[in-house]
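Spelled out, the chains give:
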Amino acid sequence: PPQGAAPRAAQAAARPAPTQRQAGARSWSGPGGRGYAPANDRGSATTPAPPLPPGVILNDIFRQVDANQDGILSLPEFSVMMGAGDQHWTPPTPTQYARMCEMYGAPGGLTRETMLAVYGTRPEELRNLHKRVVAPQRAEL
């Protein structure tokens, strides 16, 4: 054996076994001192988080704009949602909103399910709407 191999093996055997939290983690030093990063965190900033599913995005949006939490967007609630962060958006008239709701099969107002059908083929548009509606509210917290 190479010189010094036996003492290193003895030192390793004398160390306590790592805790479950430490076993799959690597140590890092952050602004708050020492901590542990998850085992799947390899420090890569190139891997973005997977996009949220459309249902989760709509739940977030409805939590913010559906004032009475009935699951149906009234014209004022719809106007808050669509006008968030868009200074040039013009809300529809009550007649226009009623026609739009009827066109989408939701005569009483747009529901989460209706919105899911509308934005189901336009995920990027839905993500942008989410950023405009939900992100400013979270920043205020």
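Residues numbered from 1 in each chain as written. Predicted model: local features only at pLDDT ≥ 70, side-chain atom pairs only at ≥ 80, totals over all residues. Heavy atoms only, no water.

Peer 1: Go over the overall build of the chain, please, and point to the residues and values.
Peer 2: A tally of regular secondary structure across the chain gives seven helices and four strands. Helices (α) and strands (β) of the chain occur, in sequence order from the N terminus, as α-α-β-β-α-β-α-α-β-α-α. Here the analysis covers contacts within the chain between residues at least 6 apart in sequence; of these, 45% occur between residues at least 24 apart. For the chain, the accessible surface area stands at approximately 10,000 Å², while carbon and sulfur atoms represent 57% of it. (Helix = DSSP H or I, 4+ residues; strand = E, 2+ residues; numbered from the N terminus. Contact = heavy atoms within 4.5 Å. Areas by Shrake-Rupley, 256 points an atom, 1.4 Å probe, with all protein chains shown as cover.)

Peer 1: I'd like to hear about the packing of aromatic side chains, residue by residue, with values.
Peer 2: Within this structure, the stated rule accounts for two aromatic pairs. Aromatic side chains Phe78 and Trp89 sit 6.1 Å apart centroid to centroid with 70° between the ring planes, which places their arrangement in the edge-to-face category. Of this pair, Phe78 sits in helix H4 (residues 75-83) while Trp89 sits in the loop between H4 and helix H5 (94-103), placing them 11 residues apart in sequence. Owing to a relative accessible area of 6%, Phe78 belongs among the buried residues under this scheme. With centroids separated by 5.1 Å and ring planes inclined at 40°, the aromatic side chains of Phe78 and Tyr97 adopt a geometry described as tilted. Linking Phe78 in helix H4 with Tyr97 in helix H5, this pair joins segments that are 19 residues apart in sequence. Feature note: the residues Phe78, Trp89 and Tyr97 constitute an aromatic cluster, connected by ring pairs. Seen from the ring of Tyr119, Arg122 lies directly overhead, with NZ or CZ sitting 5.1 Å from the centre. (Phe/Tyr/Trp six-rings, centres within 6.5 Å; stacked < 30°, edge-to-face > 60°. Buried < 20%, exposed > 50% of the residue type's maximum accessible area, 1.4 Å probe, protein only. Lys NZ or Arg CZ within 6 Å of the ring centre and 35° of its normal.)

Peer 1: Tell me about H4, residues and numbers included.
Peer 2: What sets the pattern is the α-helix's 3.6 residues per turn: residues three or four places apart point alike. Among all positions of H4, only Leu75, Glu77, Phe78, Ser79, Met81 and Met82 are buried. The positive-phi residue at the C-terminal boundary of H4 is Gly85, with phi of around 70°.

Peer 1: Which residues make up the side chain of Ser79, and what values go with them?
Peer 2: By the secondary structure assignment, Ser79 is in helix H4. In this structure Ser79 touches Trp89, Pro91 and Pro92, once residues within four positions along its chain are discounted.

Peer 1: So what's going on with the pattern of salt bridges? Residues and values would help.
Peer 2: Tallying each qualifying case throughout the model produces three salt bridges. Asp60 serves as the salt-bridge partner of Arg63, at 2.5 Å between the closest nitrogen and oxygen. One end of the pair, Arg63, and the other, Asp60, are both in helix H3 (residues 54-65), three residues apart, so they sit about a helical turn from each other. Take Asp60: its relative accessible area is 8%, and that puts it in the buried class. The salt bridge involving Arg122 is made with Glu125; its shortest N-O contact spans 3.2 Å. (Salt bridge = Lys/Arg side-chain N within 4 Å of Asp/Glu carboxyl O.)

Peer 1: Account for helix H6 (residues 112-119), naming residues and giving values.
Peer 2: Turning to H6, its buried residues are Thr114, Met115, Val118 and Tyr119. Seen from one end, H6 has its buried residues packed into an arc of 120°, which puts them on one side. In H6, the exposed positions that point more than 90 degrees away from the buried face belong to Glu113 and Ala117. (Arc of directions from axis to C-beta.)

Peer 1: Can you explain the nonpolar core? Please cite residues and give values.
Peer 2: Of all hydrophobic cores here, the largest spans 21 residues; its most connected members are Ile61, Met81 and Val133. Among the elements that make up this core, the one with the highest residue count is H3 (five residues). Those residues within four positions of Ile61 in sequence are excluded, and the remaining contacts are Met81, Leu126, Leu129, His130, Val133 and Val134. (Core = buried A, V, L, I, M, F, W, Y, C linked by side-chain atoms within 4.5 Å.)

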